[in-house]
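# Analysis of the macromolecular model
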Amino acid sequence: MDWNFFLEVLVGGLLSGVMYSLVAIGFVLIYKTSGVLNFAQGAMVLFAALTFVSLVEGGVPFVAALAVSAAVMVLLGFAIERLVLRPLVNQPPITLFMATLGVSYVLEGGAQLLFGTEPHELNLGLSDLPLGVGGIDISSFDLFAAGVAAALVAALTVFFNTTRVGLAFRAVADDHLAALAVGLRLRRIWGIVWATAGIVALVAGLLWGSRLGVQFSLSLVVLKALPVLVLGGFDSIAGAIVGGLIVGATEKLAEVFLGPYVGGGIESWFAYVAALAFLLVRPSGLFGQKQIQRV
Amino acid sequence: MTATTGPDDVLELAALSLSFGGVRAVSEVSFGVREGAICAVIGPNGAGKSSLLNLLSGVYQPDSGRLRFRDRWYNRITPADASAIGIGRTFQNLALSRAMTVLDSIILGEARSVRATVLEQAFGLPRARREEDRLRARAEALIAFLRIQDIRDTQVGKLPYGLQKRVELGRALAAEPHLLLLDEPMAGMNQPEKAEMCRFILEVNAEFGTTVVLIEHDIGVVMDLSDHIVVLDHGEKIADGAPRDVRHDQRVIDAYLGAHAAEAA
């Protein structure tokens, strides 16, 4: 076997996995702190990308468009928490999940009303030329995406671990009763979490949008985030990263090395099968908190 | 022998009631707690002690009745209100984040004192940094007070139960409460641990002037520790007064003996 070719596929897979991680992190933030599986994360990704693209096409300078889109996503996050989830607080998880499913359709429909239905091209001014590193070719765009993801994760980690708001996030995630007892305003914290998820959706939307074009199938990236979450655990940011890397790498390797034996097309379903197999062995994921129940 | 409420009371309950479905957990309970007192709430299992504490800390809302804390009357309070007006508490089954260190758990207790905004904190602006230094120093002082310096960086979940209880006390104290509610602070502790916890409660009461309302089963501890005892049975207050008076109250003796007789049968 050609060792360099293997490495190239592996690295390509890992880097594309980073893109999955970006979407998965948005899920984890909300799931960890409020126990809601936010199906609307994909619609938020789409909404963010569409907002940005429409602004840029309307002649707004790049940086200003970025700032405005970020502000829009923060407001959108607050609004979803305030208008949809707050009235439903203490409802069963399935109710909350259905509510976010509803939100995702409202967002997609709203985006179509506001921005129209045709696909847009999103050019971040990055070349997608292969870079030769140590004898293997790596996409410079993928490298940039990985760099952005790493910066985002680093920023979130610092925020979570060094600030009092971050400490409050962790407290809310670990024990609601403790958080209430010290007087944390859970609703305010949830608002901030949703706003943060909005920002994460913007970053994911820009990178995915420039890769796939900004179109409605962009909201389907949620489906790719699900196996990542199953592998990594729904409540761990580290898990979302590692899960994304595993999914990215295995699906590319499977496509290239197993594909020819089964007629190809493995990439689109391999992650789900891997997640299914993994679920049977370790239902809480690699990094997820094990549920210990005393009987 | 029912003690009346008076102007020195920092806390006053007026006919507080709470039902769960058809069960009256707390039934028209009224009493007052003097500023700076240590008040014990006792009673057989299921008497409504924890429910009462949950009403005082806003975890439950009363069906009827109201309560006064300092100079204001409240019909209902939320947990966030309770901590904002200076009511702190610990829980029977520990409400602590097991993954956090002792230091972080105590710092978390200071949440109500934080003034810097999210953005100031995220970017480490001067006000957030100054506040951080001040609150951190306060947390360290509290850790020294509770003599848990050597475990300050240990994860709470790895500590023995008695120490976790002490960390939870520290978390509650970090909010500098005016009134401290302790739900079975010595449950599951051995004798030396109990003695130590007693000493901390007395020290907190003496040094910070904190009024304490606690639930405890160990009658010996209750008699030594408290200035004032309220006895509940089936959600109703059956006695309220100084320890020596309550000890000889016939209804209290009946409630306890009755319960023991029923258990023995």
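Owing to the predicted nature of the structure, the values given are computational and were not obtained by experimental measurement.

### Section: the overall build of chain A
A tally of regular secondary structure across chain A gives 11 helices and 2 strands. Tracing chain A from N to C terminus, the helices and strands come up as α-α-α-α-β-β-α-α-α-α-α-α-α. By its C-alpha atoms, chain A is 60 × 60 × 35 Å across when sized along the principal axes. Here chain A holds 295 residues, and 47% of them are scored as buried.

### Description of the environment of A149 of chain A
Secondary-structure assignment places A149 of chain A in helix 5 (residues 140-162). Looking at A149 of chain A, the number of C-beta atoms within 10 Å reads 24, which means it is buried.

### Quick look at the domain arrangement of chain B
Residues and elements named next belong to chain B. Examined at the domain level, chain B breaks down into domain 1 (1-86 + 178-265) and domain 2 (97-176). In this structure, domain 1 and domain 2 have C-alpha centres spaced 27 Å apart. Counting residues at the interface gives 10 residues for domain 1 and 9 residues for domain 2. At the level of elements, helix 2 (79-84) and helix 7 (191-208) are the ones that each hand at least two residues to the side of domain 1 that touches domain 2. Counting residues per element, the side of domain 1 that touches domain 2 draws most heavily on helix 7, which supplies 4 residues.

### Here's the deal with the pairing of strand 2 (residues 23-34) of chain B
All names here are of chain B. Note that strand 1 (residues 9-20) and strand 2 share 8 bridges and pair antiparallel. Bridged to D9 within strand 2 is R34. Between strand 1 and strand 2, which pair antiparallel one after the other, the connecting turn spans 2 residues, and G21 there sits at a positive phi close to 60°.

### Remarks on unusual backbone geometry
Note: most residues except glycine have negative phi, and most peptide bonds are trans. Residue and element names in this part refer to chain B. In this structure, R147 takes a positive phi of about 55° despite not being glycine. Note on placement: R147 falls in the loop between helix 5 (126-145) and helix 6 (161-174). Residue class for R147 comes out exposed when judged on the 11 C-beta atoms lying within 10 Å of it.

### Structural notes on the interface of chain B and chain A
It is common to report an interface's size as the accessible area lost on association of the parts. Contacts between the two partners involve 24 residues from chain B and, on the opposite side, 19 residues from chain A. Those elements that provide at least two residues to the side of chain B that touches chain A are helix 2, helix 3 (102-108) and helix 4 (118-122) of chain B. Take the side of chain B that touches chain A: its biggest share by element is 4 residues, from helix 2 of chain B.

### Some remarks on the pairing of strand 4 (residues 64-69) of chain B
Residues and elements named next belong to chain B. In this structure, strand 1 lies alongside strand 4, joined through 5 bridges in antiparallel fashion. When the bridges of strand 4 are listed, L13 appears paired with L67. Sheet analysis places strand 4 next to strand 5 (residues 72-74), joined by 3 bridges and oriented antiparallel. Bridge assignment links R68 to a residue of strand 5, and that residue is W73.

### Regarding the sheet that holds strand 6 (residues 87-90) of chain B
Residue and element names in this part refer to chain B. Read from one edge of the open sheet, 6 strands run 6-7-8-3-9-10, paired in mixed fashion. With partners counted over all chains shown, the strands left at the sheet margins are strand 6 and strand 10 (236-241), one partner each. Each adjacent strand pair in this sheet contributes to an overall mean axis angle of 15°, direction not counted. For strand 7 (residues 179-183) and strand 8 (residues 211-215), the ladder comprises 5 bridges, and the chain directions are parallel. Bridged to L181 within strand 8 is V213. Packing of helix 6 onto the sheet brings it into contact with strand 6 and strand 7, and relative to strand 6 it is tilted by some 170°.

### Some details on the nonpolar core
Counting residues in hydrophobic clusters, the biggest one holds 164 residues, and the most contacted among them are L22, A24, V45, A49 and A225 of chain A. Per-element tally for this core: the top contributor is helix 8 (residues 186-212) of chain A, with 16 residues. Each of domain 1 (1-86 + 178-265) and domain 2 (97-176) of chain B accounts for three or more of the residues forming this core. When sequence neighbours within four positions are dropped, the list of residues in contact with A225 of chain A reads Y20, V23, A24 and F27 of chain A.

### Structural notes on the packing of helix 5 of chain A against helix 6 (residues 164-174) of chain A
Residue and element names in this part refer to chain A. Following both chains from N to C, one finds helix 5 and helix 6 inclined at 85°, their axes separated by 5 Å at the closest point. In terms of their interaxial angle, helix 5 and helix 6 are classed as roughly perpendicular. Contacts between helix 5 and helix 6 pair F159, F160, N161 and T162 from the former with G166, F169 and R170 from the latter. Tallied by class, the residues present in the contact of helix 5 with helix 6 amount to 3 nonpolar, 3 polar and 1 charged.

### Side note on helix 4 (residues 93-115) of chain A
Residues and elements named next belong to chain A. If you check helix 4, its first and last C-alpha atoms are 32 Å apart, about what 23 residues at 1.5 Å a residue would give, namely 33 Å. The set of residues buried in helix 4 consists of L96, A99, T100, V103, S104, L107 and A111. Taken from the residues just after helix 4, G116 is the one with a positive phi, measuring 80°.

### Quick notes on the packing of helix 1 (residues 3-34) of chain A against helix 10 (residues 237-262) of chain A
All names here are of chain A. Closest axis-to-axis distance for the helix 1/helix 10 pair is 6 Å, and the angle between their directions is 140°. What the angle tells us is that helix 1 and helix 10 run oblique. As helix 1 runs across helix 10, the sense of the crossing is right-handed. Looking at the contact of helix 1 with helix 10 residue by residue, the class counts come to 17 nonpolar, 8 polar and 2 charged.

### Some details on the sheet that holds strand 2 of chain B
Residues and elements named next belong to chain B. Pairing is antiparallel in the open sheet, where 4 strands are placed in the order 2-1-4-5. The strands lining the two open edges of the sheet, one partner per strand, are strand 2 and strand 5. The average undirected angle you get between the axes of adjacent strands in this sheet is 20°. Lying over the sheet, helix 1 (residues 49-56) contacts strand 1, strand 2 and strand 4, oriented at roughly 65° with respect to strand 2.

Calculation notes
Residues numbered from 1 in each chain as written. Chains lettered and ligands numbered in written order. Predicted model: local features only at pLDDT ≥ 70, side-chain atom pairs only at ≥ 80, totals over all residues. Helix = DSSP H or I, 4+ residues; strand = E, 2+ residues; numbered from the N terminus. Buried ≥ 20, exposed ≤ 12 C-beta atoms within 10 Å, placed from the backbone. Domains from an automatic or database assignment. Contact = placed C-beta atoms within 7 Å. Pairing = 2+ DSSP bridges. Axes fitted to C-alpha atoms, helices over the stretch in contact; angles between N-to-C directions. Core = buried A, V, L, I, M, F, W, Y, C linked by C-beta atoms within 7 Å. Parallel < 35°, antiparallel > 145°, perpendicular 65-115°, else oblique. Nonpolar A, V, L, I, M, F, W, Y, C, P; charged D, E, K, R; others polar. Expected span 1.5 Å × (residues − 1). Left-handed = near helix turned anticlockwise from the far one by under 90°.

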